[in-house]
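# Results of the structural survey
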Amino acid sequence: MPSDNPRLTVLPAGRTGPRDRPTLLLTGGSGVLGRALIDELAPDYDLLCLRRNTPLRDPRVRELQGDLVAPRLGLSPRAWHELALEVDVVLHSAAETNWRTPPEDITRTNVRGADNVLDLAARADAPLYLMSTAFVANTPTDEDRRRFPGAAAYLDSKSRAEQMTRDAGVPGVIVRPSVVMGDSSTGRIAGQQGLTKTIGSMILGQVPVLPGAPDARIDMVPQDYVAQAVGSLVRGGVGAGEYWLTAGRQAIDVREFADVCADVAVRHGLPRPQRPRLIPVEAVHRLLLPMLEGTALPVSVRRRLEHYAELLLVFQRTLPFDTSLGEPHCGTRPTRAGIRAALVRNAESWAEERSALLSRHRAAAAAPAEVAS
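Keep in mind it's a predicted model, so treat the numbers as computed, not measured.

## So, the pattern of salt bridges
The full count for this structure, using the stated rule, is 23 salt bridges. The salt bridge involving Glu162 is made with Arg176; its shortest N-O contact spans 2.8 Å. Of the two residues, Glu162 sits in helix α5 (residues 149-167) while Arg176 sits in strand β6 (residues 172-177), which places them 14 residues apart along the sequence. When its relative accessible area of 4% is taken as the criterion, Arg176 is described as buried. Glu242 serves as the salt-bridge partner of Arg166, at 2.8 Å between the closest nitrogen and oxygen. Of the two residues, Arg166 sits in helix α5 while Glu242 sits in strand β11 (residues 240-245), which places them 76 residues apart along the sequence. Arg166 gets classed as partly exposed once you look at its relative accessible area, which sits at 38%. When its relative accessible area of 35% is taken as the criterion, Glu242 is described as partly exposed.

## Looking at the side chain of Ser184
Positionally, Ser184 belongs in the loop between β7 (179-181) and α6 (194-203). Owing to a relative accessible area of 10%, Ser184 belongs among the buried residues under this scheme. Of the polar contacts made by the side chain of Ser184, one reaches the side chain of Asp224; its length is 2.6 Å. In contact with Ser184, not counting residues within four places along its chain, are Pro222, Asp224, Tyr225, Ala342 and Arg345.

What counts, and where the lines are drawn
- All residue numbers refer to positions counted from 1 along the written sequence of the respective chain.
- This being a predicted model, a pLDDT of at least 70 is required before a residue's local features are given, and a value of 80 or more before pairs of side-chain atoms are given or counted; all residues contribute to the totals for chains, interfaces and linings.
- Side-chain metrics in this entry use all non-hydrogen atoms of the structure; hydrogen atoms and water are not considered.
- Basic side-chain nitrogens of Lys or Arg form a salt bridge, by our definition, when they fall within 4 Å of a carboxyl oxygen of Asp or Glu.
- Helix and strand definitions follow DSSP, with helices as H or I runs of at least four residues and strands as E runs of at least two, each counted in order from the N terminus.
- Exposure is judged per residue with a 1.4 Å probe applied to protein chains only, and the accessible area is read against the type maximum: over 50% gives exposed, under 20% gives buried, and values in between give partly exposed.
- Throughout this description, a polar contact denotes any pair of N or O atoms lying within 3.5 Å of each other; where both atoms belong to protein, one of them has to be capable of donating a hydrogen while the other can accept it, and for residues adjacent in sequence the pair is counted only when both atoms sit in side chains.
- Throughout, a contact is declared for two residues whenever any of their heavy atoms are within 4.5 Å.

Here is the structure:
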């Protein structure tokens, strides 16, 4: 997808008027990570958040209505010029992460969006911080692309956005978080995502099988770890480099993940779920997925199993990652105990927010015993 934005060689006229704090343009402020970034950066920056439709309604930010993939972000020429005069830092966190979206739309949003914010950064003479993903390290196979076109398009588009940032000729920092979970202290998260749904299904005992070896790891980091690292990079004036915000060798394995979810289920009065049967990754394409295509399982169950296969096939390769967490200007280095404790709090938060759902599952589990008596 060629760029529609030839890079500017003559910068706009200098900014006018004194300001108390630098202005940071944030895209994706309404997302899971965006909310945590607002919490982290609001004390030090005048936050200007680009949004298309849904208002953020956060008194700490100013909202700019626009369109990430439209020329000039959907702004008039005058507003575009004034934005370039005002902005000191660009933090691009918006992306299409729903793998059920048509692949061409995922590519358009993630590539065209990166191109537009790079153009703004060049015009504003501002550093760009690109939120990518650690899983660009995983190259989808031909079979992955056939079965999981959305996931493949997501990874490909993130890789292309990274290369555009390297080639743009502006100060650019690439930040690669792994799977982002909720807050390490409260467990809360702004919205549902793949990991949250998986935690819930594990607590409810709805995951009979998972792709992966017994010692396979799930690299996940709490949203506040990621936000603090990004905040340190921005405040430190780091203008170049590539940073891996991952658990690395501290990532917990699939068995421990399942045990944490089972413990939470028991604490909330549910039967202890059995550990999922682990299927070697190489057998997933050969056995599990073809079996699902021809099975009489309910559609909801089949889709759930396909979803887990998609997540784990993408997220288990090339582990453990390196991690930059704990390096200068890059947050706090995670520990295995800290990651596990954060997972416990995330699972507890999921259960506490769904008391009615858990009550129904407790009643269903108790019903056979009541009939027998």
